[in-house]
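Per-entry structural report
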Amino acid sequence: MRYSPKHAIQAGGDMRQWSNPKRTFRFSLVKVDFDCEPDAYPGVLILTDPSYKEATLLEVMDPRKELPKILEPLPDDTVAYWRIVREDDERKKVTAGLTANPIFDDILG
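This write-up is about the structure you can find in this document.

Procedures and definitions
Residues numbered from 1 in each chain as written. Predicted model: local features only at pLDDT ≥ 70, side-chain atom pairs only at ≥ 80, totals over all residues. Heavy atoms only, no water. Salt bridge = Lys/Arg side-chain N within 4 Å of Asp/Glu carboxyl O. Helix = DSSP H or I, 4+ residues; strand = E, 2+ residues; numbered from the N terminus. Buried < 20%, exposed > 50% of the residue type's maximum accessible area, 1.4 Å probe, protein only. Phe/Tyr/Trp six-rings, centres within 6.5 Å; stacked < 30°, edge-to-face > 60°. Polar contact = N/O pair within 3.5 Å; in protein donor to acceptor, adjacent residues only side chain to side chain. Contact = heavy atoms within 4.5 Å. Arc of directions from axis to C-beta.

1. Quick word on the pattern of salt bridges
Evaluation of the coordinates by the stated rule reveals six salt bridges. Its salt-bridge partner being R91, residue D88 comes within 2.3 Å of it at the nearest N-O pair. Of this pair, D88 and R91 both sit in helix α2 (residues 88-98), three residues apart, roughly one helical turn. By relative accessible area, which is 1% here, R91 ends up buried. What you see here is one network of salt bridges that share partners, running through R23, R26 and D105.

Rendered as structure tokens:
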């Protein structure tokens, strides 16, 4: 996927819930608009296919530098979710809680 943002930083968007496979930890992230420049703060990124069947969680320290390299080998239909998590301890808690392969868990109930 070639990533070349045309607009300023994304100010909002669709927030969706993700969880670990056992559904014992949940966390909400915003769907990334690839036309917008990424944030400059550390956080967590989930990359998935359009069917949301195979997801991968990454800890990203500087999205402006890292995101183009992360997205480069991926197909154009990749979907991403992002959330700033500035504190190291909190980011570790989120990455451990969601696991390396989180699942889409945005079921209203």
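From this point, things continue past the structure.
2. A closer look at the packing of aromatic side chains
What the rule picks out here adds up to six aromatic pairs. Ring geometry for Y52 versus Y81: centroids 6.0 Å apart, planes at 70°, classification edge-to-face. In this pair, Y52 sits in the loop between β5 (43-48) and β6 (55-60) while Y81 sits in strand β7 (residues 79-84), placing the two residues 29 residues apart along the sequence. Judged by its relative accessible area of 2%, Y81 falls in the buried class. Summarising the aromatic geometry, the rings of Y81 and F104 are spaced 6.4 Å apart at their centres and angled 45° between planes, so their arrangement reads as tilted. Pair noted here: Y81 is in strand β7 and F104 is in strand β8 (residues 103-104), with a separation of 23 residues, a long-range link. Look at F104 and you get partly exposed, because its relative accessible area is 28%. By way of ring pairs, the aromatic residues W18, Y52, Y81 and F104 are connected into one cluster.

3. Examining the side chain of N20
Along the chain, N20 falls in the loop between β2 (15-19) and β3 (26-31). Here R23 takes part through its backbone nitrogen, which lies 2.8 Å from a polar atom of the side chain of N20. Those residues within four positions of N20 in sequence are excluded, and the remaining contacts are F25, G97, L98, T99 and I103.

4. Considering unusual backbone geometry
Of note, the phi angle at Y52 is positive, near 65°, even though the residue is not glycine. A residue is classified by how much of its surface remains accessible, and Y52, at 21% relative accessible area, is partly exposed. Although it is not a glycine, T99 adopts a positive phi angle of roughly 70°. Residue placement: T99 occurs in the loop between α2 and β8.

5. Side note on α2
Among all positions of α2, only R91, V94, G97 and L98 are buried. Looking down the long axis of α2, one finds its buried residues gathered within 135° of arc, a one-sided arrangement. Opposite the packed face of α2, turned more than 90 degrees from it, sit the exposed residues D89, K93 and A96. Buried positions along α2 lie against β2, β3, β5 and β6. At the exit of α2 stands T99, carrying a positive phi of roughly 70°.

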